[in-house]
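Okay, here's what each chain looks like letter by letter:
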Amino acid sequence: MFVYMEFLRSEDTTFSRDWQLNIRGKLFTISSPQVMGIINCTPDSFYKNSQKSTPEEQRSLIDLHIRNGATWLDLGGYSTRPGAGHISEKEEIKRIEPALSYILEMYPEILVSVDTFQAAVASYALEKGAHMINDVSGGLIDSGLFSVVSRFQVPYVLMHMRGTPQNMAQQNQYTNILQEVIYELGIQKEKALQAGIKDILIDPGFGFAKNGEQNLELFSRMEAFQLFDCPILVGNSRKSMIYKTLQIEAEDSLNGTTVLNTLALDKGASILRVHDVKEAVETVKLWERVRKS
């Protein structure tokens with residue numbers, strides 16, 4: 001806690017530096033906040049409008065995200081909504097293959113992240129040409145994932161979660177949520193570094209093993225995650241911390257998402273992971289314009 005308080009007194013907590021990621025031997029610079037468009041290759045996402053389980057639906061959404069200014073696309077074939085059923089690695093690969101092949105062929109300049117915690121899926125995606133692995137489990141579910149990412153020398157998103165998507169809702173007992181989340185992420189970050197992963201992004205894991213009040217408390221102190229000296233990825237898009245607080249549905253949560261994305265930028269977010277790319281890109285543009293005034 002002492003280190004955290006010293007950090008708050010001494011640092012500007014907004015986006016204040018460039019980050020460089022080594023992606024397969026090429027340096028990629030994050031010089032301003034970026035937008036990552038979500039491609040859910042699943043039939044059971046919590047947000048119904050993002051369920052794109054056919055190749056035609058996926059291609060249409062990919063095209064839209066790119067037209068609207070996404071720098072990254074994040075493909076997921078395993079639903080991580082609370083209580084989602086388990087699927088095999090083979091099924092997860094089957095789900096993401098059409099979208100991954102389409103992006104790599106049609107949009108070679110777009111950076112592709114694959115949202116998986118299964119090592120075999122990560123290995124498949126990276127062999128095909130994906131640029132980053134986004135692991136919601138922070139390496140806790142599949143111990144082989146770190147070595148796969150290290151072998152391909154791509155960036156890795158280390159997210160905080162406890163348990164699995166099937167039981168994480170029962171794993172939200174915290175005495176001090178900020179301290180415990182930072183501590184648990186710190187342990188996994190050290191393991192990732194020891195495994196040879198060079199470029200790590202930190203995701204606080206909003207909505208994973210945390211209830212609504214805990215999510216909002218953690219978000220209110222999000223600047224503390226800059227202690228990791230890593231880019232911060234934030235995924236608040238249309239989550240229950242928004243729609244349950246406002247007593248609405250996920251389908252009506254775009255405005256609330258924009259509000260939290262703006263606050264996340266103030267707190268140091270480097271990448272916004274979103275369902276609605278156009279609105280997030282506009283948020284970043286206006287935020288940067290005001291900040292430079």
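Up top is the structure.
Residues numbered from 1 in each chain as written. Predicted model: local features only at pLDDT ≥ 70, side-chain atom pairs only at ≥ 80, totals over all residues. Heavy atoms only, no water.

Thoughts on the environment of G196
Note that G196 resides in the loop between α6 (177–194) and β8 (200–203). Sequence-wise, G196 and R151 are 45 residues apart; in three dimensions their C-alpha atoms are separated by 8.1 Å. The contacts of G196, once residues within four sequence positions are left out, are S150 and Q153. (Helix = DSSP H or I, 4+ residues; strand = E, 2+ residues; numbered from the N terminus. Contact = heavy atoms within 4.5 Å.)

Remarks on the pairing of strand β5 (residues 111–115)
In terms of burial, β5 is a largely internal element, five of the five residues being buried. Here β5 shows two buried faces, one formed by L111, S113 and D115 and the other by V112 and V114. Note: strand β4 (residues 72–76) against β5, five bridges, orientation parallel. The residue of β5 that forms the bridge with G76 is D115. Taking the sense of rotation as the criterion, the β-α-β connection linking β5, helix α4 (residues 119–128) and strand β6 (residues 132–135) turns out right-handed. (Buried < 20%, exposed > 50% of the residue type's maximum accessible area, 1.4 Å probe, protein only. Pairing = 2+ DSSP bridges. Right-handed = clockwise from strand over helix to strand, strands pointing away.)

Details of the pattern of salt bridges
Tallying each qualifying case throughout the model produces 11 salt bridges. The residue E56 makes a salt bridge to R59 at a minimum N-O spacing of 3.7 Å. Of this pair, E56 and R59 both sit in helix α2 (residues 55–67), three residues apart, which is roughly one turn of the helix. Classification of R59 by relative accessible area gives partly exposed; the value is 31%. Note that R162 is salt-bridged to E184, the shortest N-O span being 2.5 Å. Remark: E184 occurs in helix α6 and R162 occurs in the loop between β7 (156–159) and α6; sequence separation between them is 22 residues. For R162, a relative accessible area of 16% gives the class buried. Bridged by salt links that share partners, the residues D74, D115 and R273 form one connected network. (Salt bridge = Lys/Arg side-chain N within 4 Å of Asp/Glu carboxyl O.)

Quick word on the packing of α4 against helix α5 (residues 145–152)
Their axes nearest at 8 Å, the elements α4 and α5 cross at an angle of 15°. One element, α4, and the other, α5, form an angle in the roughly parallel class. In this structure, α4 meets α5 at a crossing whose hand is right-handed. On α5, the residues touching A119, A122, S123, L126 and E127 of α4 are L145, V148, V149, R151 and F152. Looking at the contact of α4 with α5 residue by residue, the class counts come to seven nonpolar, one polar and two charged. (Axes fitted to C-alpha atoms, helices over the stretch in contact; angles between N-to-C directions. Parallel < 35°, antiparallel > 145°, perpendicular 65-115°, else oblique. Left-handed = near helix turned anticlockwise from the far one by under 90°. Nonpolar A, V, L, I, M, F, W, Y, C, P; charged D, E, K, R; others polar.)

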